[in-house]
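Understanding the architecture of this molecule
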Amino acid sequence: MKFALFNDERIEATKGAKGVCPSCGSELIAKCGEIVIHHWSHKKKCDDHWWENEKEWHRNWKNKFPDEWQEIIHYDESGERHIADVKTPDNWVIEFQHSAIKPEERRSRNEFYNKNSQLIWVVDCRRRKTDVKQFTNELFYSFGTSSPAILEVYADSRLLKEWKNSNSYVFLDFGDIEIDGTDFWCLCPIAYDGVAFVMQISRRKFIDYLNNNNAFEKMFSQDIMKALSKIKSHIAELETAAARRANSNPKLPPIIK
């Protein structure tokens, strides 16, 4: 945790400092070693069970946005609250995910944040050594869609199997490892018959657009949403064709999604 509360002010961890958790109010300990980034640690487990200890990758991403956007407590109408990694004035919530996450927790976060905000995931794709190789292989066998910007890939890798059915946008961060000319990819919130849809995106533009009011919304409406509408039309055509084949030959198995 980067920020604690002391006398109702947000403070960063320094040696000997005292503070409490902004979410659960429990006492925090300032961890200020020479190797691990300075951070606050709970004496007892935080009530926010979604919260996890952050790595340097996590902190570096958060620091690409203003301090006042970081570690914001987000509430829903029932009073449930969680600490969002970043929340922009435009109501985009960004969660940076390094460690493994269970499908049910991912779905819970999607549902919670998408009630009155829009959730974006940024996933550290270097945690497992196999993810880079598998994703590269999937791109090798990819094929174009009705939108030149989006590639259709077979979701055989663990990475895409885990994230392809999210109803939020997922951005895949490969760090300094370039795959097909880029190290940052958008996994679109749409999948079909074992296939996922991905597109290259500039990490710099992603950050700049989110830091500028309404710019990210415009990028989505102009670039991604137009492309996705074509993909959805393409999928509808495939489903119609599959239904016709099934009706003409009832013995054929249905398409499994």
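Before going into details, it helps to say that this report is about the structure given with it. What you see as residue numbers is a count from 1 along each chain, following the sequence as written. With the structure being a predicted model, the display of local features is reserved for residues of pLDDT at least 70 and the display and counting of side-chain atom pairs for 80 or more, all residues being used for whole-chain, interface and lining totals. For side-chain calculations, the full set of non-hydrogen atoms in the structure is used, while hydrogens and water are omitted.

Focus: unusual backbone geometry
What counts here: Under the scheme used here, helices are H or I runs from DSSP no shorter than 4 residues and strands are E runs no shorter than 2 residues, and both carry numbers assigned from the N terminus. Per-residue accessibility, obtained with a 1.4 Å probe over protein chains only, is compared with the maximum for each type, and a residue is labelled buried under 20%, exposed over 50%, and partly exposed between these values.
Positive phi, close to 75°, is recorded for asparagine 91, a residue that is not glycine. On the secondary structure map, asparagine 91 appears in the loop between strand 7 (81–87) and strand 8 (92–97). Taking relative accessible area as the criterion, asparagine 91 reaches 27% and is therefore assigned partly exposed. At aspartate 180, a position not held by glycine, the phi torsion is positive, near 55°. Along the chain, aspartate 180 falls in the loop between strand 12 (169–173) and strand 13 (184–192).

Section: the packing of aromatic side chains
Here is the rule we go by: Between 30 and 60 degrees the pair is tilted, below 30 it is stacked and above 60 it is edge-to-face, where a pair is any two Phe, Tyr or Trp rings, Trp via its six-membered ring, whose centres lie within 6.5 Å. Criterion for a charge above a ring: Lys NZ or Arg CZ within 6 Å of the ring centre, and within 35 degrees of the ring normal.
If you walk through the whole model with that rule in mind, you get 14 aromatic pairs. Judged by centre distance (5.6 Å) and plane angle (75°), the ring pair of phenylalanine 135 and tryptophan 185 falls under edge-to-face. Of this pair, phenylalanine 135 sits in helix 3 (residues 129–140) while tryptophan 185 sits in strand 13, placing them 50 residues apart in sequence. Considered together, phenylalanine 135 and tryptophan 185 belong to a single accessibility category, that of buried residues. By way of ring pairs, the aromatic residues Trp57, Trp61, Phe65, Trp69, Phe96, Phe171, Phe184 and Phe206 are connected into one cluster. Taking NZ or CZ as reference, arginine 10 lies 4.0 Å from the ring centre of phenylalanine 3, over its face. Taking NZ or CZ as reference, lysine 64 lies 5.9 Å from the ring centre of tryptophan 61, over its face.

Remarks on the side chain of asparagine 110
Let me state the cut-off plainly: Residues adjacent in sequence count toward polar contacts only when both atoms are side-chain atoms; beyond that, a polar contact is any pair of N or O atoms within 3.5 Å, and within protein one must be able to donate a hydrogen and the other to accept it. Residue contacts are defined here by distance: any two heavy atoms, one from each residue, within 4.5 Å place the two residues in contact.
Within the secondary structure, asparagine 110 is located in helix 2 (residues 103–113). Of the polar contacts made by the side chain of asparagine 110, one reaches the side chain of tryptophan 121; its length is 2.9 Å. Not counting residues up to four positions away in its chain, the partners in contact with asparagine 110 are Leu119, Trp121, Ser166, Asn167 and Ser168.

Considering the environment of serine 142
Considering the arrangement of structural elements, one finds serine 142 in the loop between helix 3 and strand 10 (143–144). Dropping the residues within four chain positions of it, serine 142 is found in contact with Leu151, Glu152 and Val153. From its side chain, serine 142 meets the backbone oxygen of leucine 139 in a polar contact 2.7 Å long.

What to know about the pairing of strand 5 (residues 39–42)
Successive side chains on a regular strand alternate, one facing one side of the sheet and the next facing the other. Here is the rule we go by: Whether two strands pair depends on DSSP finding at least two bridges between them.
With burial as the criterion, each face of strand 5 is covered, one bearing His39 and Ser41 and the other bearing Trp40 and His42. For strand 4 (residues 27–31) and strand 5, the ladder comprises four bridges, and the chain directions are antiparallel. In the strand pairing of strand 5, alanine 30 is matched with tryptophan 40.

Focus on the environment of cysteine 46
Inspection of the secondary structure assignment puts cysteine 46 in the loop between strand 5 and helix 1 (56–62). Overall, the relative accessible area of 10% leaves cysteine 46 in the buried class. In this view, cysteine 46 contacts Cys21 and Cys24; residues no more than four positions away in its chain are not counted.

What to know about a nonpolar patch on the surface
Worth spelling out the cut-off: Any residue with relative accessible area above 30% and no salt bridge may belong to a patch, with like charges joined within 9 Å and the nonpolar Val, Leu, Ile, Met, Phe, Trp and Tyr side chains within 5 Å. Accessible surface area values rest on a Shrake-Rupley calculation with a 1.4 Å probe, where residue burial reflects the displayed protein chains alone. The term salt bridge refers to a pairing of a side-chain nitrogen on Lys or Arg with a carboxyl oxygen on Asp or Glu at a separation within 4 Å.
Nonpolar side chains collect at one region of the surface, where Phe140, Tyr141, Phe143 and Tyr154 lie side by side and expose about 500 Å² of accessible area between them. With respect to the helices and strands, tyrosine 154 occurs in strand 11 (residues 151–154). Classification of tyrosine 154 by relative accessible area gives partly exposed; the value is 42%.

Comments concerning the pattern of salt bridges
Oppositely charged side chains are able to pair whenever their charged atoms sit close together. Applying the stated criterion to the full structure yields 12 salt bridges. Put simply, glutamate 95 and arginine 109 hold a salt bridge, and the shortest N to O gap is 2.8 Å. Note that glutamate 95 is positioned in strand 8 and arginine 109 in helix 2, a separation of 14 residues in sequence. Overall, the relative accessible area of 3% leaves glutamate 95 in the buried class. Using a relative accessible area of 3% as the deciding quantity, one classes arginine 109 as buried.

Observations concerning the nonpolar core
Filter applied, for reference: For this analysis, a nonpolar core means a set of buried residues of the types Ala, Val, Leu, Ile, Met, Phe, Trp, Tyr and Cys, connected via side-chain atoms within 4.5 Å.
Counting 31 residues, the largest nonpolar core has Trp61, Val122, Phe171 and Phe206 as the members making the most contacts within it. For this core, the elements supplying multiple residues, two or more each, are helix 1, strand 8, strand 9 (118–124), strand 12, strand 13, strand 14 (195–200), helix 5 (203–211) and helix 6 (215–248). When residues in this core are grouped by element, the largest group, six residues, is from helix 6. Apart from residues lying up to four places away in sequence, valine 122 is in contact with Trp57, Trp61, Ile94, Glu95, Phe96, Gln97, Phe171, Asp173, Phe184 and Phe206. Counting residues in each nonpolar core, the second largest holds 27 residues, with Trp50, Trp121, Ala196 and Val198 among its members.

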